[in-house]
Amino acid sequence: VVNAALQQVLGAKLPSKSMRHVLDQVVPSCMKAMRDVGRQSTTETVAGRRLRVEQMATELNALYTIKQLLTFSPIIREAARNGLELHAAILDSSTGRVDIIGQHPLTADILEHH
């Protein structure tokens, strides 16, 4: 999904309406990742830079999902206020490895303002 969203940011042909709905949720993370990786001066290859953008976009999207859950779900928000911890994790489907990203760094602020 992240790869398809990156393609949309780069101007690819629009997918079906249902797929656009999914991609619309991921595109902001892709745009931020492209901007942040683009700011870093480096001599890496285009392929290496693309991998970094994909990884960063995936991590940002996982954290964005936590923010959405805390912002729009009163049940999850209340549970978080009572000790529930939400941790982002990313599955590498080619290896089966799961990388734990951790909690959203602004969890306390999100809970305070909602």
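Everything here concerns the structure above.
About the criteria used
What you see as residue numbers is a count from 1 along each chain, following the sequence as written. Per-residue local features are limited, in this predicted model, to residues with pLDDT of at least 70; the limit for side-chain atom pairs, both in listing and counting, is 80 or more; totals at the level of whole chains, interfaces and linings are taken over all residues. Here the side-chain values reflect all heavy atoms present in the structure, with hydrogen atoms and water set aside. Each helix is a run of H or I in the DSSP string that is no shorter than four residues. Each strand is a run of E no shorter than two, and both are numbered from the N terminus. Each residue is assigned to one of three classes by its accessible area relative to the maximum for its type, calculated with a 1.4 Å probe on protein chains only: buried under 20%, partly exposed between the two thresholds, exposed over 50%. Whether two residues are in contact is decided by their heavy atoms: any pair within 4.5 Å suffices. The accessible surface values rely on the Shrake-Rupley method and a 1.4 Å probe; as for residues, cover is taken only from the protein chains in view. Counted as positive: Lys and Arg. Counted as negative: Asp and Glu, with His and the chain ends omitted from the count. Here the site of a charge means atom NZ of a Lys, CZ of an Arg, CG of an Asp or CD of a Glu. One less than the number of residues in a helix, times 1.5 Å, gives the span that helix is expected to have. A residue's bend is the angle separating two fitted axes: one through the seven residues that end there, the other through the seven that start there. As a rule, the C-alpha atoms of each element are fitted with a line to give its axis, helices using only the stretch in contact, and angles between N-to-C directions run from 0 to 180 degrees. Any angle from 65 to 115 degrees is called roughly perpendicular, while one under 35 is roughly parallel, one over 145 is roughly antiparallel, and all others are oblique. Polar here means any residue other than Ala, Val, Leu, Ile, Met, Phe, Trp, Tyr, Cys and Pro, which are nonpolar, and Asp, Glu, Lys and Arg, which are charged; Gly is therefore polar. Joining through side-chain atoms within 4.5 Å is the link that ties buried Ala, Val, Leu, Ile, Met, Phe, Trp, Tyr and Cys residues into a set, and such a set is a nonpolar core.

K.L.:
What exactly am I supposed to notice about the overall build of the chain here?
P.N.:
Helices and strands together make up the secondary structure of the chain, namely 5 helices and 2 strands. Taken from N to C terminus, the helices and strands of the chain fall in the order α-α-α-α-β-β-α. Referenced to the eigenvectors of the C-alpha coordinate spread, the extents of the chain come out at roughly 45 × 35 × 30 Å. Put simply, the chain has 114 residues, and 28% of those count as buried. Contacts in the chain between residues at least 24 apart in sequence constitute 46% of all its contacts with a sequence separation of at least 6. Carbon and sulfur atoms provide 58% of the accessible area of the chain, an area that totals close to 7700 Å². Here the chain contributes 13 positively and 11 negatively charged side chains, and the mean placements of these two sets differ by 9 Å.

K.L.:
How should helix α2 (residues 17-39) be read in this particular structure?
P.N.:
Residues spaced three or four apart along an α-helix face the same direction, because each turn holds 3.6 residues. Taking 1.5 Å of rise per residue, 23 residues should cover 33 Å, and α2 covers 33 Å from first to last C-alpha, within 8% of that figure. Bending of α2 peaks at approximately 40° at the position of Val26, with proline Pro28 no more than four residues after it. All of the buried residues in α2 are Leu23, Val26, Val27, Ser29, Cys30, Ala33, Asp36 and Val37. Contact partners of the buried residues in α2: α1 (2-9) and α3 (46-72).

K.L.:
Teacher, can you tell me more about the packing of α3 against helix α4 (residues 74-81) here?
P.N.:
To characterise two packed helices, one gives the angle between the axes of the helices and the distance between these axes. Look at α3 against α4: their axes get within 5 Å of each other, and the N-to-C directions meet at 100°. Comparing the axis directions of α3 and α4 gives the class roughly perpendicular. Two secondary-structure elements touch here, α3 through Leu69, Leu70, Thr71 and Phe72 and α4 through Pro74, Ile76, Arg77 and Ala80. Here the contact of α3 with α4 is built from residues that sort into 6 nonpolar, 1 polar and 1 charged.

K.L.:
How do you make sense of the nonpolar core when you look at a structure like this?
P.N.:
Across soluble globular proteins, you tend to see nonpolar side chains buried next to one another. In terms of nonpolar packing, the biggest core is built from 11 residues, these being Val2, Ala5, Leu6, Leu23, Val26, Val27, Cys30, Ala33, Val37, Val53 and Ala57. Mapped onto this core, the elements with two or more residues apiece are α1, α2 and α3. Counting residues per element, this core draws most heavily on α2, at 6 residues. For Leu23, the contacting residues outside a window of four places in its chain are Val1, Ala4, Ala5, Gln8 and Pro15.

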